[in-house]
Amino acid sequence: MRKHYLIEFVQNDQMIVFCPPSIFQDKELTRIAFGSKSVEAEFLPHPDSDNCIVINRHIQHALQIPDFKQPYHLFINGNTLFIGPLIGIFTAGFTDIDEQPIGERTQFFSKLLSVNKTVGALSFVFGEQHIDWKQGTIEGYFYENNRWQQLEVPFPNVIYDRLPNRKSERIPKLMKVKERLQKEYLIPWYNPGFFNKLDIYERLEQDSSVERYLPETHPFTSFSIIETMLSKYGHVFVKPRNGSLGLGIHQIIYDRETGKYYCRYQDSEERNRLRKFPSLELLFKWVFNNQSLENMIVQQGIHLIRKDRRPIDFRVHTNKDDTGNWKVSAIAAKVAGQGSVTTHKRNGGEVKTINEIFNKEECNLYTEKLSKAALDLSTVLEQNIEGIIGEIGFDLGIDRNGDVWLFEANSKPGRSIFSHPKMKDFDLLTRKLSLAFAVFLTEQSLLHPEELYK
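Residues numbered from 1 in each chain as written. Predicted model: local features only at pLDDT ≥ 70, side-chain atom pairs only at ≥ 80, totals over all residues. Heavy atoms only, no water.

Before going further, it helps to examine the overall build of the protein chain. Assigned secondary structure in the protein chain consists of 12 helices and 27 strands. Overall, the protein chain is about 90 × 50 × 40 Å in size when its C-alpha atoms are taken along their principal axes. Classification of the 454 residues of the protein chain by burial places 55% in the buried group. Of all intrachain contacts in the protein chain linking residues separated by at least 6 positions in sequence, the fraction that spans at least 24 positions is 66%. On the protein chain, roughly 21600 Å² of surface is accessible, and the fraction owed to carbon and sulfur atoms is 47%. Considering the protein chain, the positive charge centre built from 57 side chains and the negative charge centre built from 58 side chains are found 6 Å apart. (Helix = DSSP H or I, 4+ residues; strand = E, 2+ residues; numbered from the N terminus. Buried < 20%, exposed > 50% of the residue type's maximum accessible area, 1.4 Å probe, protein only. Contact = heavy atoms within 4.5 Å. Areas by Shrake-Rupley, 256 points an atom, 1.4 Å probe, with all protein chains shown as cover. Lys, Arg positive; Asp, Glu negative; His and termini not counted. Charge placed at Lys NZ, Arg CZ, Asp CG, Glu CD.)

Written out as structure tokens, the structure is:
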């Protein structure tokens, strides 16, 4: 773990910074920076501490450093000492309610910002309306001492994209903010964009190292594709290219003995359905009536391992850490609800830890297989997708032969698995790592910017 340093603010008239003797390393420092702002200062070694920086109030106000008891990392580039990172978390959906400034997602953001001190970074939440382009500042939302407050700070070192949905992502003024901060201000922006299922599949398909994890997948173009895949696999899944939360997923099953077709899905009243049809055409006429099929994909059905005759799949989170390396940060099993087409909670699914479902030997085996698959896929996805990716949520399955399959990859993974009481530590770890990656990005942007923008 990298070293953190506390900042002490003192009241005097001298533009002097007392900093740990160990960081000088024969460097001649003349400026100090926080976010996008910097000022000239005189630097002297701290007489008593190697863990503390002392800054006078004039420097604090000039750099707009909030008056929090907050540890930071230190970075040196040329003759400038950078304190940080200052992390801006970009989102939308703000309200006028003081206790809930980001609406229903306020609790998520308060939990995310609560790890600031352990990470050694200062993060805040903001939207496009909080930016003052002329002054180069942002009126950001900070969560300190269990309450929200707005403070003006410089543009951040790094921006973490937490836009809530694809609709907000396509809003022109939000797209303009992202483009301007990246291109004009060269601020690293990580986790941009929601993944498209078919696009992800086609990119992964090009790499032989992860080909074995991919179920056969095609865009829906005609009934013949479904007929061909049903003859090969017995059942297929039809799902939206840009869906989430298990919405709109249908399982189609072909019974070779009777020649009948079955469709398992959730209806408009959120009831799990299983219906029988004499033909595929009739099935589509009844089940997919008035639905647009050109935005659907058809995916090979997998015979998953089961618990009490209910299929199981797995959510695996991966995050990049403060050294820029991928880590598996959480694994949970999801058991399908009775008669459900998916394992989602809204369809009656249950979240379990792997230890609750398997014996110790199976648990170790499946954990190892899932971890390897998730890390392999994370590495290849990072290489084949534009932008900087810092976290991914994978929906993986294991079939009866013990092979791992990828169902979905999510760039902004949901957090429903962390409602399980035994997943609290994983919840904390994923939040820490999602901000710790900003430490690495800040260092890269200062010392090796060509690595970020190559």
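The discussion continues.
This paragraph deals with the packing of aromatic side chains. This structure, assessed with the given rule, holds 23 aromatic pairs. Between the aromatic rings of Phe94 and Tyr141, the centroid separation amounts to 5.6 Å while the plane-to-plane angle is 20°, which identifies the pairing as stacked. Taken together, the residues Phe94 in the loop between strand S9 (86-90) and helix H2 (106-113) and Tyr141 in strand S12 (residues 137-144) connect sequence positions 47 residues apart. Tyr141 shares its class with Phe94; the two are buried. Among the aromatic side chains, those forming a connected cluster through ring pairs are Phe68, Phe90, Phe124, Phe126, Phe142 and Trp189. When the ring centre of Trp133 is taken as reference, the NZ or CZ atom of Arg180 above it lies at 4.1 Å. For the cation-ring pair, Lys412 lies above Phe194, with the distance from its terminal atom to the ring centre recorded as 4.7 Å. (Phe/Tyr/Trp six-rings, centres within 6.5 Å; stacked < 30°, edge-to-face > 60°. Lys NZ or Arg CZ within 6 Å of the ring centre and 35° of its normal.)

So, on to the side chain of Asn319. Its place among the elements puts Asn319 in strand S23 (residues 310-320). Among the polar contacts made by the side chain of Asn319, one reaches the side chain of Ser329 at a distance of 2.6 Å. The residues touching Asn319, leaving out its near neighbours within four places in the chain, are Asn325, Trp326, Lys327, Ser329, Gly390, Glu391, Thr430, Leu433 and Ser434. (Polar contact = N/O pair within 3.5 Å; in protein donor to acceptor, adjacent residues only side chain to side chain.)

Its place among the elements puts Phe43 in strand S5 (residues 42-45). It is 40 Å that separates the C-alpha atoms of Phe43 and Leu163, two residues lying 120 residues apart in sequence. Discounting residues that sit within four places of it in the chain, Phe43 has contacts with Val17, Cys19, Phe24, Leu29, Thr30, Arg31, Ile32 and Leu81.

Once that is clear, we can look at the pattern of salt bridges. Under the criterion given, the structure shown has 26 salt bridges. For Glu408, the salt bridge identified is with Lys197, shortest N-O distance 3.8 Å. In this pair, Glu408 is assigned in strand S27 (residues 404-410) and Lys197 in helix H6 (residues 197-205), connecting sequence segments 211 residues apart. We classify Glu408 as buried; its relative accessible area is 12%. A salt bridge links Lys320 to Glu382; the shortest N-O distance between them is 2.4 Å. In this pair, Lys320 is assigned in strand S23 and Glu382 in helix H10 (residues 360-384), connecting sequence segments 62 residues apart. (Salt bridge = Lys/Arg side-chain N within 4 Å of Asp/Glu carboxyl O.)

Before going further, it helps to spend a moment on the side chain of Asn157. Of note, Asn157 is situated in the loop between strand S13 (147-154) and strand S14 (158-161). With a relative accessible area of 11%, Asn157 lands in the buried category. Side-chain polar atoms of Asn157 contact the backbone nitrogen of Leu86, separated by 2.8 Å. Once residues within four sequence positions are removed from consideration, Asn157 is found in contact with Gly35, Pro85, Leu86, Ile187, Pro188 and Thr442.

Bringing the pairing of strand S1 (residues 6-10) into the picture now. Residues Ile7 and Phe9 line the buried face of S1, whereas the alternating positions Leu6, Glu8 and Val10 sit on a face that is not buried. Sheet topology places S1 next to strand S6 (residues 52-56); five bridges connect them, and they run parallel. Within S6, the residue paired with Phe9 across the bridge is Ile55. (Pairing = 2+ DSSP bridges.)

Honestly, that's just the spatial picture; any functional story needs more than this.
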